[in-house]
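# Architecture and fold: a report
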Amino acid sequence: MTNRRGFSKALAIALVGVGLMSVLWVGVGAAEDIPIVLEGRVAWIAGQVMVIGLEGAVIAAGGPAAINVDLSHVDQDEYHGLVTGDRVLVIGTVSEARDRVIATSVQRVPPYVAFATSVGRLR
């Protein structure tokens, strides 16, 4: 059951990533008004700029999908202390130039926790 949940989460992340890439690369009218939600890992962060890697998503060239995130509209308390490798949830909109996401919220996502089932448990 745990493997199914992990696969389902990976599939959902991949679909969100593919959807975002469609918005960024193909372009949709007034895309900057469409709110988006991304989950990924911090590739790097400096000042008010962060790059996150979308897990399970790849770009046409075959590399992992990375999204530039503008943090200028986010309270610094939300992203202060983030380091490379942290899992984050970013809520924001696509910039007018369609080259980055302008974040309105950044939340740290706790690492996955494995839960033991009662089946096969030693007593």
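All values derive from a computational prediction rather than experimental measurement.

Right, let's get into the overall build of the protein chain. Across its full length, the protein chain holds two helices and five strands. Secondary structure elements of the protein chain, listed N to C terminal, follow the sequence α-β-β-β-α-β-β. The long-range fraction of contacts in the protein chain, counting pairs at least 24 apart against all pairs at least 6 apart in sequence, stands at 59%.

All right, on to the pattern of salt bridges then. Applying the stated criterion to the full structure yields four salt bridges. Arg87 is the partner of Glu39 in a salt bridge, and the nearest nitrogen-oxygen pair spans 2.4 Å. Note that Glu39 is positioned in strand β1 (residues 35-46) and Arg87 in strand β4 (residues 87-94), a separation of 48 residues in sequence. On the basis of relative accessibility, which here comes to 4%, the residue Arg87 falls in the buried class. Its salt-bridge partner being Asp70, residue Arg100 comes within 3.6 Å of it at the nearest N-O pair. Of this pair, Arg100 sits in the loop between β4 and β5 (101-108) while Asp70 sits in strand β3 (residues 64-70); the two residues are 30 residues apart in sequence, bridging distant segments of the chain. Using a relative accessible area of 28% as the deciding quantity, one classes Arg100 as partly exposed. Assessed through its relative accessible area of 15%, Asp70 is described here as buried.

This part is about the confidence of the model for the protein chain. With 57% of its residues at a pLDDT of at least 70, the protein chain reaches an overall mean of 74. Confidence, expressed as mean pLDDT per element, reaches its minimum in the protein chain at helix α1 (residues 2-26) with 51 and its maximum at β5 with 94. With pLDDT under 50 throughout, residues 22-29 is counted as low confidence; its partners more than four residues away or in other chains account for 14 contacts.

As paired elements, β1 and β4 share seven bridges and run antiparallel to each other. Its bridge partner being in β4, Glu39 is matched across the sheet by Leu89. Summarising the sheet, β4 and β5 pair through seven bridges and their orientation is antiparallel. Bridging across to β5, Thr93 finds its partner in Ile102.

Calculation criteria
- Residues numbered from 1 in each chain as written.
- Predicted model: local features only at pLDDT ≥ 70, side-chain atom pairs only at ≥ 80, totals over all residues.
- Heavy atoms only, no water.
- Helix = DSSP H or I, 4+ residues; strand = E, 2+ residues; numbered from the N terminus.
- Contact = heavy atoms within 4.5 Å.
- Salt bridge = Lys/Arg side-chain N within 4 Å of Asp/Glu carboxyl O.
- Buried < 20%, exposed > 50% of the residue type's maximum accessible area, 1.4 Å probe, protein only.
- pLDDT = per-residue confidence, 0-100.
- Pairing = 2+ DSSP bridges.

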